[in-house]
Amino acid sequence: MTDPLPGPDPFDHHTAPDVCGLQDAPLAEPSSLGLHVPVGDEVLDLGSPEADLDGDGFMEAVTLGDDRGLTVYTDVDGDGTVDHVSTVRFDGSYDSWRLANPTEGVPFGGFTNAADDDPGAPPPPPARWERIDHGHI
């Protein structure tokens with residue numbers, strides 16, 4: 001299954017995903033040094049990474065929460081864009097996703113909020129996320 005991070009309404013794939021903590025995330029500026037997460041056709045700024053999950057000495061993850069649960073947003077490849085998301089909700093449900101369509105070797109995986117200098121250029125494709133695991137604890 002490849003689609004945007006799903007929200008509670010299966011027909012609404014805008015920036016209200018069923019992950020936790022994005023409600024106050026601002027749109028990402030190109031100059032931001034925080035982790036960026038593409039959601040639909042927008043890119044949100046999660047702030048500075050705060051955890052080194054793989055022990056390589058580089059911070060690559062941000063954990064955000066709200067009244068539903070906690071979500072860990074991880075930049076696995078170090079390009080500044082979140083490419084793995086894991087959510088555990090207080091009701092015991094969990095989901096994990098991976099970014100399915102980043103552009104390799106390009107800052108932020110090619111996902112930005114910046115307008116293209118060429119007005120005739122097609123818009124970039126929206127982010128696609130693959131759910132790789134889900135269940136209930």
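Residues numbered from 1 in each chain as written. Predicted model: local features only at pLDDT ≥ 70, side-chain atom pairs only at ≥ 80, totals over all residues. Heavy atoms only, no water.

Visitor: An account of the environment of F58 is requested, with residue identities and associated values reported.
Guide: Tracing the chain through its elements places F58 in the loop between β3 (42–45) and β4 (61–66). Measuring from C-alpha to C-alpha, the distance between F58 and G78 comes to 8.7 Å, with 20 residues separating the pair along the chain. (Helix = DSSP H or I, 4+ residues; strand = E, 2+ residues; numbered from the N terminus.)

Visitor: How would you summarise the pattern of salt bridges if you had to cite specific residues and measurements?
Guide: Under the criterion given, the structure shown has four salt bridges. Among the ionic pairs, R89 bridges to D95, the shortest N-O distance being 2.5 Å. Of the two residues, R89 and D95, both sit in the buried class. Sharing partners across several salt bridges, the network here consists of R89, D95 and R131. (Salt bridge = Lys/Arg side-chain N within 4 Å of Asp/Glu carboxyl O. Buried < 20%, exposed > 50% of the residue type's maximum accessible area, 1.4 Å probe, protein only.)

Visitor: Account for the pairing of strand β2 (residues 36–39), naming residues and giving values.
Guide: A two-sided burial pattern is seen for β2, the buried positions comprising H36 and P38 on one face and V37 and V39 on the other. Sheet analysis places β2 next to β3, joined by four bridges and oriented antiparallel. Across the sheet, residue V39 finds its bridge partner in β3, namely E42. In sequence, β2 turns back onto β3 through a hairpin of two residues, with G40 there showing a positive phi of about 65°. (Pairing = 2+ DSSP bridges.)

Visitor: Can you lay out the side chain of D45 for me, pointing to particular residues and giving the numbers?
Guide: In this fold, D45 is placed in strand β3. The buried charged residue D45 lacks any salt bridge partner; its closest oppositely charged side chain belongs to R68, at an N-O distance of 18 Å. Of note is the side chain of D45, whose polar atom sits 2.8 Å from the backbone nitrogen of G47. (Lys, Arg positive; Asp, Glu negative; His and termini not counted. Polar contact = N/O pair within 3.5 Å; in protein donor to acceptor, adjacent residues only side chain to side chain.)

Visitor: Can you explain the confidence of the model for the protein chain? Please cite residues and give values.
Guide: Confidence in the prediction for the protein chain averages 80 pLDDT; 77% of positions are at 70 or higher. Under a pLDDT of 50 for its full length, residues 7–16 has, in the predicted model, twelve contacts with residues more than four places off or in other chains. (pLDDT = per-residue confidence, 0-100. Contact = heavy atoms within 4.5 Å.)

Visitor: Could you give an account of the environment of D75, with specific residues and numbers?
Guide: Locating D75 in the fold gives a position in the loop between β5 (69–74) and β6 (84–89). On the accessibility criterion, D75 (7% relative accessible area) is buried. Linking D75 and P49, residues 26 residues apart in sequence, is a C-alpha distance of 8.8 Å. In this structure D75 touches L35, E60, G80, T81, V82 and D83, once residues within four positions along its chain are discounted. Within polar-contact distance, the side chain of D75 engages the backbone nitrogen of G78 at 3.0 Å.

Visitor: Now, about the pairing of β4: what can you tell me, with residues and values included?
Guide: Pairing between β4 and β5: six bridges, direction antiparallel. In the strand pairing of β5, T63 is matched with V72. Between β4 and β5, which pair antiparallel one after the other, the connecting turn spans two residues.

Visitor: Describe the nonpolar core, with residues and values.
Guide: Of all hydrophobic cores here, the largest spans 20 residues; its most connected members are L22, V37, L46, Y73, V82, V85 and W129. Those elements giving two or more residues to this core turn out to be β2, β3, β4 and β7 (93–99). (Core = buried A, V, L, I, M, F, W, Y, C linked by side-chain atoms within 4.5 Å.)

Visitor: Account for the environment of H84, naming residues and giving values.
Guide: Assignment of secondary structure puts H84 in strand β6. On the accessibility criterion, H84 (23% relative accessible area) is partly exposed. Between the C-alpha atom of H84 and that of T74, which follows or precedes it by ten residues, the distance is 5.2 Å.

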